[in-house]
Amino acid sequence: MTLPGPRPDLGLREGYHSPQVEVPVRLNTNESPLPPPPEWRARLAEEADRIEWNRYPDRQATELRRALARFHRVRPEQVFCANGSNEVLQSLCLAYGGPGRCVATFEPTYALHAHIAHLTATEVVEGRRRADFSLDLDEVRDVVAAREPVITFLCSPNNPTGLVDDPASVRAVLDAAPGLVVVDEAYGQFADWSALSLVDDSVPLVVTRTFSKTWSMAAARLGYLVGPAGVVANLERVALPYHLDSFKQVAGRVALEFVGQMEERVALIVRERQRILSAMGPLAVTAWPSQSNFILFRPETRKGDEVWTALLDQGVLVRDTSSWPGLAGCLRVTVGTPEENDAFLDALREAL
Ligand code: PMP
């Protein structure tokens, strides 16, 4: 007997995985190095005790969406939640993509935008960013005019470059793009500008966010978007019934009671990011000025993959991005605790 093969259009695309090696200093997946506040754990335990485990969860995630709406000063109908922002992106592709439709990405950018589009049988049209990784608006206009993508993906701060698309660029993309513009703001709180201020029911813009980074809750798998109520209604049509479990809904809602602590963590990471960038100044690397919780850099005297191995030999795991489009020789390091960042800087000096 032979097993059936998968859909032929899945091809041999590799997933987006970083090796999870057991090392003392893990700076490869842009997680928060700090746990959420202990008060959050206590409140979550209290609320979890009240969950009716024999019942399906609230399908509308009413209280969580209300809390997010208050936080962002929008209406609950303008908020869609899912299991991580990756699932939000997947819901967008399921609702708006599919055979005969395409999405546009501008490389280098977050690999999952193209990957998720492929998984939903949506064609991907790849534009390019400039050599300095800024958005090339002429390229954007050419790509969207030629191919009319149903979704144009931006990522701000962009993973893996850490650069932000400025308000004028996002407005220009909105003017040019015929379909939805999705601004992936998984790292939005680390930056000094957010596209959330442009969201309106009459504007074809959605902004995606996550609890995985700034909220120190990667284990919870919770993400959301803010956008026009009409878009949210379409996303609800593709979400599986009860896709968001009760515990997760409570975890997110309770997290929003601790905004101050979240902001303190973000401030620490931003300070540490600047400290790492300053320390890299005299080293033989090119580092890009990040507005996120990671830094892209290129060693100038040794190959990127050699430096990656030399760091690993010293117990420091970073992301090897050297084979990604437009990123030859580059590595990406997540900002960790002050001690982890010192370990990284010592190992980097040694490796170079
Ligand atoms: N968007 C970007 C740009 C990311 O870097 C990530 C995490 N790697 C995600 C979305 C997905 O985050 P999550 O599914 O954990 O919310």
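**Observations concerning the environment of Thr2**
Within the secondary structure layout, Thr2 lies in the segment before strand 1 (25-26). Each C-alpha atom, one on Thr2 and one on Cys93, is 32 Å from the other, the two residues being 91 residues apart in sequence.

**Concerning the pattern of salt bridges**
On inspection of all chains with the given rule, the structure shows 20 salt bridges. For Arg43, the salt bridge identified is with Glu47, shortest N-O distance 3.1 Å. Of this pair, Arg43 and Glu47 are both found in helix 1 (residues 38-48), four residues apart, which corresponds to roughly one turn of the helix. In this structure, the salt-bridge partner of Glu123 is Arg147, at a minimum N-O distance of 3.0 Å.

**Points about the site of the ligand**
Taken together, 13 residues lie around the ligand, and Ser85, Tyr187, Thr210, Ser212 and Arg221 are the ones closest in. For the ligand, a nitrogen atom lies 2.7 Å from a polar atom in the side chain of Asp184. Burial of the ligand by the protein chains amounts to 93% of its free accessible area of 400 Å². Along the lines of polarity and charge, the residues of the shell around the ligand split into four nonpolar, six polar and three charged.

**Considering the packing of aromatic side chains**
Applying the stated criterion across every chain, the model contains seven aromatic pairs. On the numbers, 4.3 Å between centres and 10° between planes, the contact of Tyr56 with Tyr242 is stacked. One end of the pair, Tyr56, is in the loop between helix 1 and helix 2 (62-72); the other, Tyr242, is in the loop between helix 7 (229-238) and helix 8 (246-255), and 186 residues separate them in sequence. For the ring pair Phe297 and Phe344, a centre distance of 5.8 Å and an interplane angle of 65° mean the geometry is edge-to-face. One end of the pair, Phe297, is in strand 10 (residues 294-299); the other, Phe344, is in helix 11 (residues 338-351), and 47 residues separate them in sequence. No difference in accessibility class separates Phe297 from Phe344, as the two residues are buried. Aromatic ring contacts, followed pair by pair, group Phe71, Phe211, Trp215 and Tyr224 into a single cluster. The cationic tip of Arg59 hangs over the ring face of Tyr242; the distance from NZ or CZ to the ring centre is 5.6 Å. Sitting above the plane of the Phe294 ring, Arg332 keeps its charged end 5.6 Å from the centroid.

**Some remarks on the packing of helix 5 (residues 137-147) against helix 6 (residues 167-176)**
Where helix 5 contacts helix 6, the axes come no closer than 10 Å and their chain directions differ by 20°. Regarding the angle of helix 5 to helix 6, the classification is roughly parallel. For the pair helix 5 and helix 6, the sense of crossing is right-handed. When helix 5 is examined against helix 6, the residues Leu137, Val140, Arg141 and Val144 are found in contact with a partner set consisting of Ser169, Ala172, Val173 and Ala176. Of the residues contributing to the contact of helix 5 with helix 6, the split by class is six nonpolar, one polar and one charged.

**A look at the packing of helix 10 (residues 304-313) against helix 11**
At their nearest, the axes of helix 10 and helix 11 sit 9 Å apart, and the two run at 125° to each other. Considered as vectors, helix 10 and helix 11 are oriented oblique to each other. In this structure, the crossing between helix 10 and helix 11 has a hand that is right-handed. Contacts between helix 10 and helix 11 pair Val307, Ala310 and Leu311 from the former with Phe344, Ala347, Leu348 and Ala351 from the latter. Within the contact of helix 10 with helix 11, the residues separate by chemical class into seven nonpolar, no polar and no charged.

**Digging into the sheet that holds strand 9 (residues 285-287)**
Spatially, the four strands line up as an open sheet ordered 9-10-13-12, and their pairing is antiparallel. Where the open sheet ends on each side, the last strands, each with one partner, are strand 9 and strand 12 (319-320). By the bridge criterion, three bridges tie strand 9 to strand 10 in an arrangement that is antiparallel. Residue Thr286 lies in a different strand from strand 10, and its bridge partner there is Arg298. On the sheet, helix 9 (residues 259-280) packs against strand 9 and strand 10 and is oriented at approximately 10° with respect to strand 10.

Definitions and cut-offs
Counting starts from 1 at the beginning of each chain's written sequence and moves along it residue by residue. With the structure being a predicted model, the display of local features is reserved for residues of pLDDT at least 70 and the display and counting of side-chain atom pairs for 80 or more, all residues being used for whole-chain, interface and lining totals. The side-chain values count all of the structure's non-hydrogen atoms but skip hydrogen atoms and water molecules. We count a stretch as a helix when DSSP gives it H or I for four or more residues in a row; a strand needs E for two or more, and each element gets its number in order from the N terminus. Note on definitions: salt bridges are taken to be side-chain nitrogens of Lys or Arg within 4 Å of carboxyl oxygens of Asp or Glu. Near residues are defined by distance, with any heavy atom within 4 Å of the molecule or strand qualifying the residue. Under this definition, polar contacts are N or O atom pairs within 3.5 Å; protein pairs additionally need one hydrogen-donor-capable and one acceptor-capable atom, and for neighbouring residues in sequence, both atoms have to be side-chain atoms. Per-residue and other accessible areas were derived by the Shrake-Rupley procedure at a 1.4 Å probe size, with only the shown protein chains allowed to occlude residues. All amino acids are sorted into three groups, where Ala, Val, Leu, Ile, Met, Phe, Trp, Tyr, Cys and Pro are nonpolar, Asp, Glu, Lys and Arg are charged, and the leftover types, Gly among them, are polar. Pairs were defined over the aromatic rings of Phe, Tyr and Trp, the Trp ring being its six-membered one, requiring ring centres within 6.5 Å. Orientation was assigned from the angle between planes: stacked under 30 degrees, edge-to-face over 60, tilted for the rest. The buried label applies to any residue whose accessible area, calculated with a 1.4 Å probe on protein chains only, is under 20% of its type's maximum; exposed applies above 50%, and partly exposed to all values in between. For a lysine, the NZ atom is tested; for an arginine, the CZ atom; a charge sits over a ring if that atom is within 6 Å of the ring centre and within 35 degrees of the ring normal. Only the stretch in contact is used when fitting a helix axis, every axis being a line fitted to C-alpha atoms; angles between N-to-C directions are given from 0 to 180 degrees. Roughly parallel refers to an angle under 35 degrees, roughly antiparallel to one over 145, roughly perpendicular to one between 65 and 115, and oblique to any angle outside these ranges. Note on convention: near helix rotated counterclockwise from far helix by under a right angle means a left-handed crossing. Clockwise means right-handed. Any pair of residues with heavy atoms lying within 4.5 Å of one another is described as a contacting pair. A strand pair is defined by DSSP finding two or more bridges across the two strands.

In short, geometric facts, not functional conclusions.
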